Amino acid sequence: MKSSPVQVPGTTWSALQIMQYSVAATKTDGTLWSWGYAGFGELGQNAALAAGTRSSPVQIPGTTWGTNENQIGGGQRDRGVVKTDGTLWMWGRNQFGQCGQNNQIAYSSPVQVPGTTWSTFTMTNYAALATKTDGTLWSWGYAGLGNLGNNSVGHRSSPVQIPGTTWSSIGSFNYGGFGIKVT
């Protein structure tokens, strides 16, 4: 244990997202890196359990990952990142469908969420929220507390649109999310 700051190896880090036991960060060159515990594939390294645990940053394949902090998000055991081409990719435990694949299968490598015009992304503990370039807001995953914003407590394993078309920004916390609309 260190009592003072230690620099993470590498330079030009752009966006950082911390989960309970792992970290993901993008660099200004569009590369994505992860490290920490990989109990459910949340590192995106095609490995799970202790074999996937990394104490140093390891690159996730690709060079077009979004470099803004509003394009990367993580929940309890899942993570997602918007790429520069507007595609959204997710991986992790997926026990409530929060990877947006219309199933509850765990993914240890990034899988694309349907659609190509995703703009911003965030996650609660077990749910995802994302906006598209047309100003629409979408949610999916755990909804037991009504946290998907669609007037339901039914979990969703695929993106469902929240009414409205002028959403400008989004955020999240433990089991909830929020958005700001342009008037």
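Our subject in this report is the structure included herewith. Small disclaimer: the values here were computed from a predicted structure and weren't measured. Numbering of residues begins from 1 in every chain and follows the order in which that chain's sequence is written. Local features are withheld for residues below a pLDDT of 70 in this predicted model, meaning they are given only at 70 or higher, and side-chain atom pairs are given and counted only at 80 or more; totals for whole chains, interfaces and linings count all residues. Hydrogens and waters are ignored; side-chain quantities use all the structure's heavy atoms.

Here's the deal with the side chain of Asn150
Only DSSP runs of H or I covering at least 4 residues are called helices, and only runs of E covering at least 2 are called strands; the numbering of each starts at the N terminus. By the secondary structure assignment, Asn150 is in the loop between β11 (137-141) and β12 (156-162). Owing to a relative accessible area of 17%, Asn150 belongs among the buried residues under this scheme. Summary of the burial criterion: residues with accessible area below 20% of their type's maximum are buried, those above 50% are exposed, and those between are partly exposed, where the area comes from a 1.4 Å probe applied to protein chains only.

Brief notes about unusual backbone geometry
In this model, Asn94 sits at a positive phi of 65 degrees, which is unusual for a non-glycine residue. Inspection of the secondary structure assignment puts Asn94 in the loop between β7 (88-92) and β8 (107-113). Of note, Asn102 is a non-glycine position whose phi angle comes to about 60 degrees, a positive value. Mapped onto the elements of the fold, Asn102 is located in the loop between β7 and β8. Residue classification places Asn102 among the exposed positions, given a relative accessible area of 56%.

Some details on the pairing of strand β14 (residues 176-181)
As paired elements, strand β13 (residues 167-173) and β14 share 6 bridges and run antiparallel to each other. Its bridge partner lying in β14, Trp167 is registered against Lys181. Two successive antiparallel strands, β13 and β14, enclose a turn made up of 2 residues. The rule for pairing is simple: two strands pair if DSSP sees at least two bridges between them.

Examining the sheet that holds strand β6 (residues 78-82)
Whenever strands of a sheet pair, they do so through backbone hydrogen bonds, lying parallel or antiparallel. Ordered by their spatial adjacency, 4 strands build an open sheet running β5-β6-β7-β8, and the pairing between neighbours is antiparallel. A strand with exactly one partner marks an edge of an open sheet, and here the two such strands are β5 (72-74) and β8. Going from strand to strand, the sheet's axes swing by 15 degrees on average, the running direction of each strand aside. Bridging between β7 and β8 involves 4 bridges; their strand directions are antiparallel. When the sheet's bridge partners are listed, Leu88 is paired in β8 with Val113. Comment: axis = line fitted to C-alpha atoms, over the contacting stretch for helices; angle = value between 0 and 180 degrees taken between N-to-C directions.

Some words on the environment of Tyr142
When you line up the elements, Tyr142 lands in the loop between β11 and β12. Separated by 44 residues in the primary sequence, Tyr142 and Gln98 have C-alpha atoms spaced 7.0 Å apart. The contact definition used throughout considers only heavy atoms, calling two residues in contact when any of these lie within 4.5 Å. Not counting the four nearest positions on each side in its chain, Tyr142 is found in contact with Phe96, Tyr126, Ala127, Asn147, Leu148, His155 and Tyr175.

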